[in-house]
Amino acid sequence: SLIPEWLTGALWLISTSYPTLAEKAYGANAVAYSCLRLLSQSVPEAPCRSYQEEADGTRTELPRDHPLVALIRRPNELMTEYEFWELVALHVGIVGRSVWWEERSNAGAPIALWPLRPDRVGPIYSSSAEPGERVLWGYSYLDPGTGKATPIPRRDTVAFNLPDPAGESGGIVEGVGSVEVLARQISSDNEATK
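If you're wondering where the values come from, they're calculated on a predicted model, not measured in any experiment. Throughout, residues of each chain are indexed from 1 in the direction in which the sequence is written. Only residues with pLDDT of at least 70 get local features here, since the model is predicted, and only at 80 or more are side-chain atom pairs given and counted; chain-wide, interface and lining totals rely on the full set of residues. With hydrogens and water excluded, all non-hydrogen atoms of the structure serve as input to the side-chain values.

Trainee: Would you take a moment to explain the overall build of the protein for this structure?
Mentor: A tally of regular secondary structure across the protein gives six helices and eight strands. Under the DSSP-based scheme used, a helix requires at least four consecutive residues in state H or I and a strand at least two consecutive residues in state E, with every element numbered from the N terminus. For the protein, the succession of helices and strands along the chain, N to C, is α-α-β-β-α-α-β-β-β-β-β-β-α-α. Expressed as lengths along the three principal axes of its C-alpha atoms, the size of the protein is roughly 60 × 40 × 40 Å. Burial here depends on accessible area, computed with a 1.4 Å probe over protein chains only, as a share of the maximum for the residue type. Under 20% is buried, over 50% is exposed, and the range in between is partly exposed. Evaluated residue by residue, the protein yields a buried proportion of 36% over its 194 residues. Taking all contacts inside the protein whose residues are at least 6 apart in sequence as the whole, residues at least 24 apart take part in 48%. Only the protein chains shown count as cover for residues, and all accessible areas are computed by the Shrake-Rupley method using a 1.4 Å probe. For the protein, the exposed area adds up to about 11800 Å²; of that, 56% sits on carbon and sulfur atoms. None of His or the chain ends enter the tally, which takes Lys and Arg as positive and Asp and Glu as negative. Think of each charge as sitting on NZ of Lys, CZ of Arg, CG of Asp or CD of Glu. In the protein, which carries 17 positive and 25 negative side-chain charges, the distance between the mean positions of the two groups comes to 3 Å. Here, two residues are considered to be in contact whenever any of their heavy atoms come within 4.5 Å of each other.

Quick look at the structure:
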């Protein structure tokens with residue numbers, strides 16, 4: 001075992017909640033930080049390409065002035081494409097999921113993508129048989145500072161996850177991140193460093 005006998009069952013193990021993992025693993029452990037930084041900075045290096053698939057299966061790359069390409073290049077007023085993908089990779093690496101809110105114009109077209117802090121987002125499961133509402137109706141977002149939950153329909157979100165087969169939906173909705181899984185080893189390393 002990599003963990004000495006005297007460390008097993010210790011009470012100083014870090015919690016697997018997102019804020020604790022972000023602070024005590026990513027923010028306080030050099031190995032976890034370095035691995036996540038390398039991953040999060042590598043993901044946006046590859047150019048993101050958008051395609052339209054035709055009925056015959058051929059794909060045509062969308063032009064730079066296409067609304068989807070422009071949205072990805074500048075997902076919101078505070079982030080560049082690079083910063084956006086970097087943050088998404090960090091969310092997925094820490095807790096295995098990243099949920100974005102699609103801000104829409106009055107006409108209903110997406111005008112911005114906002115990555116939401118994972119611990120403030122929870123699934124709203126559904127028993128509906130309606131397309132677009134099966135299994136998952138949407139997400140509940142806990143507004144910072146107010147404690148008020150805002151429901152966000154699934155059509156207004158984009159979600160990525162590293163499937164958690166132990167989750168309520170069997171991994172369709174829930175995720176489990178690498179840092180979450182490594183919390184015990186990171187705790188041991190943090191304690192040894194002290």
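Trainee: Which parts of the structure should I look at to understand the packing of helix 2 (residues 30-42) against helix 4 (residues 81-95)?
Mentor: Closest axis-to-axis distance for the helix 2/helix 4 pair is 8 Å, and the angle between their directions is 140°. What the angle tells us is that helix 2 and helix 4 run oblique. For the element pair helix 2 and helix 4, the recorded crossing hand is right-handed. Where helix 2 abuts helix 4, its residues L36, R37, S40 and Q41 lie against Y82, E86, A89, L90, G93 and I94. Grouping the constituent residues of the contact of helix 2 with helix 4 by class yields five nonpolar, three polar and two charged. Axis definition: a line fitted to C-alpha atoms, over the contacting stretch in the case of helices. Angles run 0 to 180 degrees between N-to-C directions. By the definition adopted for this analysis, an angle is roughly parallel if under 35 degrees, roughly antiparallel if over 145, roughly perpendicular if from 65 to 115, and oblique otherwise. Definitions for this section: a left-handed crossing has its near helix turned counterclockwise from the far helix by less than a right angle. A right-handed crossing has that turn clockwise. In this count, Pro and Cys sit with the nonpolar residues alongside Ala, Val, Leu, Ile, Met, Phe, Trp and Tyr, while Asp, Glu, Lys and Arg are called charged and the others, Gly among them, polar.

Trainee: Help me understand the sheet that holds strand 4 (residues 110-116) in this model?
Mentor: Working definition: the strands of a sheet are paired by backbone hydrogen bonds and lie parallel or antiparallel to each other. Pairs of strands are assigned from DSSP output, requiring at least two bridges between the strands. The strand order across the open sheet formed by three strands is 4-3-8, and the pairing between neighbours is antiparallel. Every other strand in the sheet has two partners, leaving strand 4 and strand 8 (157-161) as the edge strands with one partner each. Mean inter-strand twist for the sheet, computed between neighbouring axes without regard to direction, equals 20°. Pairing geometry for strand 3 (residues 97-104) and strand 4, over six bridges, is antiparallel.

Note that all results are geometric; they support no functional claim without further evidence.
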